[in-house]
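Spelled out, the chains give:
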Amino acid sequence: MKDFAGTPGTLTGLFLRMAQCFFAAGAMASMVTTKGFFNVTAFCYLIASMALQVFWSIGLAFLDAYFLAKKKAFHNHVLLSLFVVGDWCTAILSLAAAASSAGITVLYFHDLGGCSFGDECTKFQLSVGFAFLSWITIFISSLIMFWIWAAG
C-alpha cells in the first residue's frame with residue numbers, strides 16, 4: 001500500500017498528532033486557569049476528554065517519530081485496528097466535550113444576557129475554540145486511519 005499524507009510514520013502523520021496534542025493541551029490550560037470551571041459538568045468533561053486526547057496523541061506521536069527515525073512504514077493490521085478504534089473513540093469524546101462546552105458558553109454569552117464571570121468568559125471561549133481545533137485534527141487522523149485499515 002502506498003503511503004499518503006497522514007499515514008503513521010510520515011511527517012504529516014506526526015504533525016497531525018502533535019497538533020492534536022497542542023490544541024488539546026491549549027483547551028485544558030485555558031479552562032484550568034479559570035476559577036469556576038469545576039462548577040460546570042460540561043467543562044469538567046472537556047478537561048477529562050482533552051486529557052485523554054493528550055495522552056493518546058502523544059503516545060501515537062512517539063510511535064510516528066519512531067517509524068520516521070527507522071524510515072519504515074507502519075502497516076501492522078492488528079495494531080492498526082486498535083488505533084482506528086482509539087482514534088474514533090477519542091474523536092467522538094472530543095466532539096461531545098467541545099459541543100457541550102460550547103453550549104454552556106453560548107448560554108452564558110447570549111441566552112443569559114452576557115457573561116458575568118468577566119475575564120473567565122474569554123478563557124471559556126478560547127478553551128472551546130481549542131477543543132474544536134483539536135477535534136478537527138482528530139477527525140482527519142481518524143478518517144486516514146480508517147481508510148488505511150479498510151484498504152489493508
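Residues numbered from 1 in each chain as written. Predicted model: local features only at pLDDT ≥ 70, side-chain atom pairs only at ≥ 80, totals over all residues. Heavy atoms only, no water.

## Re the packing of aromatic side chains
Throughout the structure, instances matching the rule amount to 10 aromatic pairs. Judged by centre distance (6.2 Å) and plane angle (75°), the rings of Trp 56 and Phe 83 are edge-to-face. Here Trp 56 is found in helix 2 (residues 41-70), whereas its partner Phe 83 is found in helix 3 (residues 77-111), with 27 residues between them in sequence. Measuring from centroid to centroid gives 6.3 Å for Trp 88 and Phe 139, while their planes differ by 85°, and the two rings are edge-to-face. A residue pair is termed long-range when its members are at least 10 positions apart, and Trp 88 in helix 3 and Phe 139 in helix 4 (residues 119-151) qualify at 51 residues. Note on Trp 88: relative accessible area 29%, which makes it partly exposed. Owing to a relative accessible area of 30%, Phe 139 belongs among the partly exposed residues under this scheme. (Phe/Tyr/Trp six-rings, centres within 6.5 Å; stacked < 30°, edge-to-face > 60°. Helix = DSSP H or I, 4+ residues; strand = E, 2+ residues; numbered from the N terminus. Buried < 20%, exposed > 50% of the residue type's maximum accessible area, 1.4 Å probe, protein only.)

## Some points on a nonpolar patch on the surface
Together, Tyr 45, Leu 52 and Leu 93 make up a nonpolar patch on the protein surface, roughly 220 Å² of accessible area in all. Counting through the fold element by element, Leu 52 comes out in helix 2. (Patch = residues over 30% accessible without salt bridge, like charges linked within 9 Å, V, L, I, M, F, W, Y side chains within 5 Å. Areas by Shrake-Rupley, 256 points an atom, 1.4 Å probe, with all protein chains shown as cover. Salt bridge = Lys/Arg side-chain N within 4 Å of Asp/Glu carboxyl O.)

## A short note on the pattern of salt bridges
One pass over the structure, following the stated rule, counts 1 salt bridge. In this structure, the salt-bridge partner of Arg 17 is Asp 87, at a minimum N-O distance of 2.8 Å. Of this pair, Arg 17 sits in helix 1 (residues 11-32) while Asp 87 sits in helix 3, placing them 70 residues apart in sequence. Take Arg 17 and Asp 87: they sit in the same class, and that class is buried.

## Digging into the UniProt feature "transmembrane region" (unreviewed entry) in the chain
In the numbering used here, UniProt assigns the feature "transmembrane region" (unreviewed entry) to residues 40-67, 79-109 and 129-150. In residues 40-67, the share of helix is 96% and the share of strand is 0%. The end C-alpha atoms are 41 Å apart. (UniProt positions renumbered as here; feature names shortened; annotations may be inferred.)

## Quick look at the state of the cysteines
In this structure the tally under the stated criterion is 0 disulfides. Left unpaired, Cys 21 is separated from the closest cysteine sulfur, that of Cys 89, by 19 Å. (Disulfide = S-S within 2.5 Å.)

## Details of the confidence of the model for the chain
Mean pLDDT over the chain: 86, with 92% of residues reaching 70 or higher. Element-level mean pLDDT values for the chain span from 87 in helix 3 up to 93 in helix 1. (pLDDT = per-residue confidence, 0-100.)

## Considerations on the packing of helix 1 against helix 4
Helix-helix packing is described using two parameters, namely the angle between the two axes and the distance between the axes. At their nearest, the axes of helix 1 and helix 4 sit 8 Å apart, and the two run at 155° to each other. With respect to helix 4, the axis of helix 1 lies roughly antiparallel. Relative to helix 4, the crossing made by helix 1 is left-handed. (Axes fitted to C-alpha atoms, helices over the stretch in contact; angles between N-to-C directions. Parallel < 35°, antiparallel > 145°, perpendicular 65-115°, else oblique. Left-handed = near helix turned anticlockwise from the far one by under 90°.)

## Side note on the environment of Thr 105
Along the polypeptide, Thr 105 turns up in helix 3. For Thr 105, a relative accessible area of 6% corresponds to the buried category. Note: C-alpha distance between Thr 105 and Thr 122 (17 residues apart in sequence) is 9.6 Å. In this structure the side chain of Thr 105 is engaged in a polar contact, spanning 2.8 Å, whose partner is the backbone oxygen of Ser 101. (Polar contact = N/O pair within 3.5 Å; in protein donor to acceptor, adjacent residues only side chain to side chain.)

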